[in-house]
Amino acid sequence: MIRIQVLNDKENRYVGIQIQDSGPGIPTEIIDNLFEPFFTTKTAGTGLGLAICYDIVQNHGGYITVENSPTEGAIFDVWLPTL
Ligand SMILES: Nc1ncnc2c1ncn2[C@@H]1O[C@H](COP(=O)(O)OP(=O)(O)OP(=O)(O)O)[C@@H](O)[C@H]1O
Ligand SMILES: [Mg+2]
């Protein structure tokens, strides 16, 4: 399951897209490494997926946050500046 929600911050400086999945979530010991280029836990992963996503979003003045849901899965928030 993938749930997508639109978010806004209080000052309306950013607009967010929240993506939550129903996967296993992210082990806390690797949550700080997710956006590092070539960091992967998959046998055939490049570890570039999230690093590239972060780079693209950052080049547009935004940022991405990640957390585990208290219920299930991982939650990624992609924030982009309002114009
Ligand atoms: N939705 C998710 N739920 C749990 N862990 C995740 C999720 N997304 C990423 N990860 C973890 O972060 C790591 C890095 O992800 P990233 O997308 O950068 O590379 P990858 O998926 O391993 O490789 P590739 O992007 O080449 O397929 C993954 O190997 C996995 O351990
Ligand atoms: Mg990936």
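Thresholds applied
- Residues numbered from 1 in each chain as written.
- Chains lettered and ligands numbered in written order.
- Predicted model: local features only at pLDDT ≥ 70, side-chain atom pairs only at ≥ 80, totals over all residues.
- Helix = DSSP H or I, 4+ residues; strand = E, 2+ residues; numbered from the N terminus.
- Buried ≥ 20, exposed ≤ 12 C-beta atoms within 10 Å, placed from the backbone.
- Contact = placed C-beta atoms within 7 Å.
- Near = placed C-beta within 6 Å.
- Nonpolar A, V, L, I, M, F, W, Y, C, P; charged D, E, K, R; others polar.
- Pairing = 2+ DSSP bridges.

Participant: Got a minute to help me understand the overall build of the protein in this structure?
Facilitator: Per the secondary structure count, the protein includes 1 helix and 4 strands. Along the protein, helices and strands appear, N-terminal first, in the series β-β-α-β-β. Reported as C-alpha extents along the three principal axes, the dimensions of the protein are approximately 40 × 30 × 20 Å. Taken across its 83 residues, the protein has 4% of its residues classed as buried. Taking contacts inside the protein between residues at least 6 apart in sequence as the whole, the part at least 24 apart equals 40%.

Participant: Would you mind showing me how to read the site of ligand 1 here?
Facilitator: Near ligand 1 there are 16 residues, and of these T40, G45, T46, G49 and L50 occur at the shortest range. Ranked by residue count, the leading element in the shell around ligand 1 is helix α1 (residues 49–59), at 3 residues. Within the shell around ligand 1, the residues separate by chemical class into 7 nonpolar, 7 polar and 2 charged.

Participant: What exactly am I supposed to notice about the pairing of strand β2 (residues 14–21) here?
Facilitator: The two faces of the sheet receive side chains in turn, since in a regular strand these alternate between them. Sheet topology places strand β1 (residues 2–8) next to β2; 7 bridges connect them, and they run antiparallel. Paired with L7 across the two strands is G16, which belongs to β2. Hairpin connection of β1 to β2: 5 residues between the antiparallel strands, including N12 at a positive phi of 60°. Pairing geometry for β2 and strand β4 (residues 74–81), over 7 bridges, is antiparallel. Following the sheet pairing, Q18 is matched in β4 by D77.

Participant: Just checking my understanding: could you explain unusual backbone geometry for this structure?
Facilitator: If a residue is not glycine, its phi is most likely negative; likewise, a peptide bond is most likely trans. Phi at N12 takes a positive value of approximately 60°, unusual for a residue other than glycine. Within the element layout of this structure, N12 appears in the loop between β1 and β2. In this structure, F38 takes a positive phi of about 70° despite not being glycine. Here F38 shows up in the loop between β2 and α1.

Participant: Where do I start with the environment of E36 in this structure?
Facilitator: Positionally, E36 belongs in the loop between β2 and α1. Given 13 C-beta atoms within 10 Å, E36 falls into the partly exposed group. Considering only alpha carbons, one finds E36 and Y54, 18 residues apart in sequence, at a separation of 9.4 Å.

Treat this as a map of the structure, not an account of what it does.
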